[in-house]
Amino acid sequence: MRRSDIHALVGDIGGTNARFAVVALDQGRPSIICARSVLCRDHAGLAQAADAFLASTNLTLRPALAAIAVAGPVAGGAARLTNVAWDASEAELLGLGFAQARLVNDFEALATGVADLGPEDSVTIGADQPGMAGAPVLVAGAGTGFGLAGLVRNPAGAVQVIASEGGHASFAPVDDIEIEIL
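An account of the accompanying structure is given in this report. Predicted model, so just to flag it, every value in this text is computed and none were measured. (Residues numbered from 1 in each chain as written. Predicted model: local features only at pLDDT ≥ 70, side-chain atom pairs only at ≥ 80, totals over all residues. Heavy atoms only, no water.)

Below, the discussion takes up the packing of aromatic side chains. Under the criterion given, the structure shown has one aromatic pair. Arranged with centres 5.5 Å apart and planes meeting at 20 degrees, the rings of Phe20 and Phe53 form a pair that is stacked. Taken together, the positions of Phe20 in strand E2 (residues 17-24) and Phe53 in helix H1 (residues 46-56) put the pair 33 residues apart, joining distant regions of the chain. The class for Phe53 is buried, based on a relative accessible area of 1%. Sitting above the plane of the Phe98 ring, Arg62 keeps its charged end 5.7 Å from the centroid. (Phe/Tyr/Trp six-rings, centres within 6.5 Å; stacked < 30°, edge-to-face > 60°. Helix = DSSP H or I, 4+ residues; strand = E, 2+ residues; numbered from the N terminus. Buried < 20%, exposed > 50% of the residue type's maximum accessible area, 1.4 Å probe, protein only. Lys NZ or Arg CZ within 6 Å of the ring centre and 35° of its normal.)

See the structure below:
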């Protein structure tokens, strides 16, 4: 299949659902052309789910790019998802015909997006706290698992996203009372 250089496959893969969309990249901010969610249990892996999604669209050109956020740690372009028995890799996505493919941790992707939000995109909960501009941000959320990522800014304003599998941390008692609680 020929490729479209102005379209990308994006995805958010959790333990239960694989959410996909094809977006147009030629209009400033990406705009959604088509989107659909599939159940992870209905597919053997990420590549099969992505391929099934693309086959279900009426697109005549395959997107040239794929950017997929997965629920699990990503290292060296590969991931073993935390709450579904899938291994995923950028290499297998390239095998589907994408010119470029990128896997990122799902909450790393969310924290990266938070960096682009302006004051009009958020609501303050509780009393406004002066001096909090530029403070570290924690992005947390529950799905099949519990995801966490951090976002910190250096004094020059540059953003660093810190991916985490903090939802898999265990209680580590350190004294007799905490051992009793355990």
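Within soluble globular proteins, side chains that are nonpolar generally end up buried alongside one another. If you look at the biggest cluster of nonpolar residues, it comprises 26 residues, and the most contacted ones within it are Leu9, Ile13, Phe20, Leu46, Ile68 and Trp86. Elements with a minimum of two residues in this core: strand E1 (3-13), E2, H1, strand E4 (62-70) and strand E8 (100-105). Formed by six residues, the second largest nonpolar core is a distinct cluster that contains Phe107, Ala111, Ala149 and Leu151. (Core = buried A, V, L, I, M, F, W, Y, C linked by side-chain atoms within 4.5 Å.)

The strands making up a sheet associate through hydrogen bonds between their backbones, and the pairing can be parallel or antiparallel. In space, the five strands of this open sheet follow the order E3-E2-E1-E4-E8, with mixed pairing throughout. Lying at the two open borders of the sheet, with one neighbouring strand each, are strand E3 (31-39) and E8. The mean angle between the axes of side-by-side strands here comes to 20 degrees, regardless of whether they run parallel or antiparallel. With seven bridges connecting them, E1 and E2 associate as antiparallel partners. Looking across to E2, one finds that Gly11 is bridged to Phe20. The sheet strands contacting H1 are E1, E2, E3, E4 and E8, and the helix crosses E2 at an angle near 50 degrees. (Pairing = 2+ DSSP bridges. Axes fitted to C-alpha atoms, helices over the stretch in contact; angles between N-to-C directions. Contact = heavy atoms within 4.5 Å.)

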